[in-house]
Amino acid sequence: MARVNISDVAREAGVSLGTVSNAINHPERVRPETRRLIEEAIERLGYLPNQSARLLAGGSNAVIGLVLPRLNHGCSVQIASGARNEAERAGLDLVIMNSNENAEVERRYLRFCTGMQLAGVLVQPSAYRVSQPQHAPSVPVVYLGALGAPREVLSVSADYRAQGRLVAEHVVACGARRVAVIGSASLPPLAERLAGIQSVGAEHPECLFEVLDEGSRCGSTDGARLGERLAKRASRERPDAIIGLADAIAAGAIQGVQAAGCDVPGNIMVAGCDGNPLAWGGAVPLTTCSPAGYEIGRKGVQMLVGQIAAIEEKNGRSGAVGAQGSVIGIRNGGESARGAAAVHGAGGARGVSGIQGVGGIRGTEGARGAQGSGGAPSADGVRSGTSRVAVRPSAMLRGEAKHELVRPFLLERASTVGQGAAHRSELSGLGAVRAFAELDMGSYL
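Conventions we followed
Residues numbered from 1 in each chain as written. Predicted model: local features only at pLDDT ≥ 70, side-chain atom pairs only at ≥ 80, totals over all residues. Heavy atoms only, no water. Salt bridge = Lys/Arg side-chain N within 4 Å of Asp/Glu carboxyl O. Helix = DSSP H or I, 4+ residues; strand = E, 2+ residues; numbered from the N terminus. Buried < 20%, exposed > 50% of the residue type's maximum accessible area, 1.4 Å probe, protein only. Pairing = 2+ DSSP bridges. Right-handed = clockwise from strand over helix to strand, strands pointing away. Axes fitted to C-alpha atoms, helices over the stretch in contact; angles between N-to-C directions. Parallel < 35°, antiparallel > 145°, perpendicular 65-115°, else oblique. Left-handed = near helix turned anticlockwise from the far one by under 90°. Contact = heavy atoms within 4.5 Å. Nonpolar A, V, L, I, M, F, W, Y, C, P; charged D, E, K, R; others polar.

K.L.:
A description of the pattern of salt bridges should follow, citing residues and the corresponding values.
P.N.:
Taken as a whole, this structure holds 22 salt bridges when the rule is applied. One salt bridge connects R298 with E295, and the closest N-O pair in it is separated by 2.8 Å. Taken as a pair, R298 and E295 lie in helix α11 (residues 293-314) at a separation of three residues, close to a single helical turn. Each member of the pair, R298 as well as E295, carries the same accessibility label: buried. As a salt-bridge pair, E404 and K299 come within 3.3 Å of each other at their nearest N and O atoms. Highlighted residues: E404 in strand β14 (residues 403-406) and K299 in helix α11, separated in sequence by 105 residues. Using a relative accessible area of 28% as the deciding quantity, one classes E404 as partly exposed. A relative accessible area of 15% means that K299 is categorised as buried. Ionic contacts of the salt-bridge type, sharing partners, join the residues E86, R89, E295, R298, K299 and E404 into one network.

K.L.:
Help me get a handle on the pairing of strand β2 (residues 93-98), residues and values and all.
P.N.:
For β2, the buried fraction is high: six of the six residues fall into the buried class. Burial along β2 is two-sided: D93, V95 and M97 and L94, I96 and N98, pointing in opposite directions, are all buried. The sheet contact formed by strand β1 (residues 63-68) and β2 spans six bridges and is parallel. Bridge pairing in β2 links G65 to V95. The β-α-β motif built from β1, the intervening helix α5 (residues 74-89) and the parallel element β2 has right-handed crossover chirality.

K.L.:
Give a detailed account of the packing of helix α1 (residues 6-13) against helix α3 (residues 32-45), specifying residues and quantitative values.
P.N.:
Interhelical geometry of α1 versus α3 gives an angle of 120° and a closest axis separation of 9 Å. It follows from the interaxial angle that α1 and α3 lie oblique. When you trace α1 past α3, the crossing you get is right-handed. Along its contact with α1, which presents D8, V9, E12 and A13, the element α3 presents L37, I38, A41, I42, R44 and L45. Residue composition of the contact of α1 with α3, by class: seven nonpolar, no polar and three charged.

K.L.:
Just give me the short version of the sheet that holds strand β7 (residues 208-212), but keep the residues and values in it.
P.N.:
Spatially, β7-β6-β8-β9 is the arrangement adopted by the four strands of the open sheet, whose pairing is parallel. With partners counted over all chains shown, the strands left at the sheet margins are β7 and β9 (269-271), one partner each. Shown here is a sheet whose adjacent strand axes are inclined to one another by a mean of 20°, direction ignored. Relative to β7, strand β6 (residues 178-182) runs parallel, the two being bridged by five bridges. By the bridge assignment for β7, V179 is matched with F209. Relative to β7, helix α8 (residues 188-203) is tilted by about 155°, and along the sheet it contacts β6, β7 and β8 (241-244).

That is the geometry; function is a separate question.
This is the structure:
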């Protein structure tokens, strides 16, 4: 089957080759009615621009890569959704790759993205750690969700320790004096959450914090077993609250407590720490932290766009990047994508503005700018367009910030709302807590 070229599109639309080229690369230079004719011709003919020829001609690649360790975990799904929506607002296409938690595959995908001259790459490392690169990458790379990134590496991560502190402060403020913490702190984020919880315990000597270093981070079955065991203790030894280092194990604990004949939260309060919407389907809505993945993905793209814009400015180009702003493919554990998979996030993030995190630090606050199609404000300095936007490096987007932390806020649900909830706002330690009776999961997935 013969390949459709730009001349065929020009002939079909009844315009010149230069007009078609401008419609693809500089749509702001083409009248809307002419652009519509060209877009209809492209759709009818199935024309696909030759990216290799465009790069050889000195053009810029309007595609960024996203390497995820898995596609079956809430945080990774949120990162992909946030990155996709922010990439669309910046006029960039997004290619998603799944390393299946294989560090070598992860490195291979990174080499693939740089070899294909993508505009930039986002990487969520499976080990949650980033080592000092031997050679500076030829394209901008931003690491997501990693801890202890070297000074030279760009990274956006959740404040895992603050997540643990926030939840522990909440259950203590709700009256808990015996707190059981469940889940194995085998991964850096869980270890950080545990450290945050224990720091609250050190500040409250009147409270007993017991750590049961058991249970998989994804183990609702382990949570049910541990919850039932704790609930079957004698009343004077039974905990007032259970904190799961991950939401999945906390959701299982609710089932276990109920199986033992105890009420949640009447007898035992239960809370999670990581804001994983995939674990929120139980009969008793789980108190936890805000989902950080969406903001990590969104801010990661913003940081990447800042680096791309700075490079464009340095090279004397217009600083314009952009294309169709969709997710154009998924590579899964070394298998190439079949065709162009249109993957869309279910709604943009609802900008949670002015909500404070631990220590009074501002939380996920929508950046000022044009309104994007998903409902969240777009980044400052990025103007929405039909298929392409001009990126002007502003103070926020110049890439001056090397590392950024996404601060948590509390999502208070029925699993901790017990007696005395009406007096909670009067407690001095709750300046960082906001109550949410319900949360639209579509905002984060």
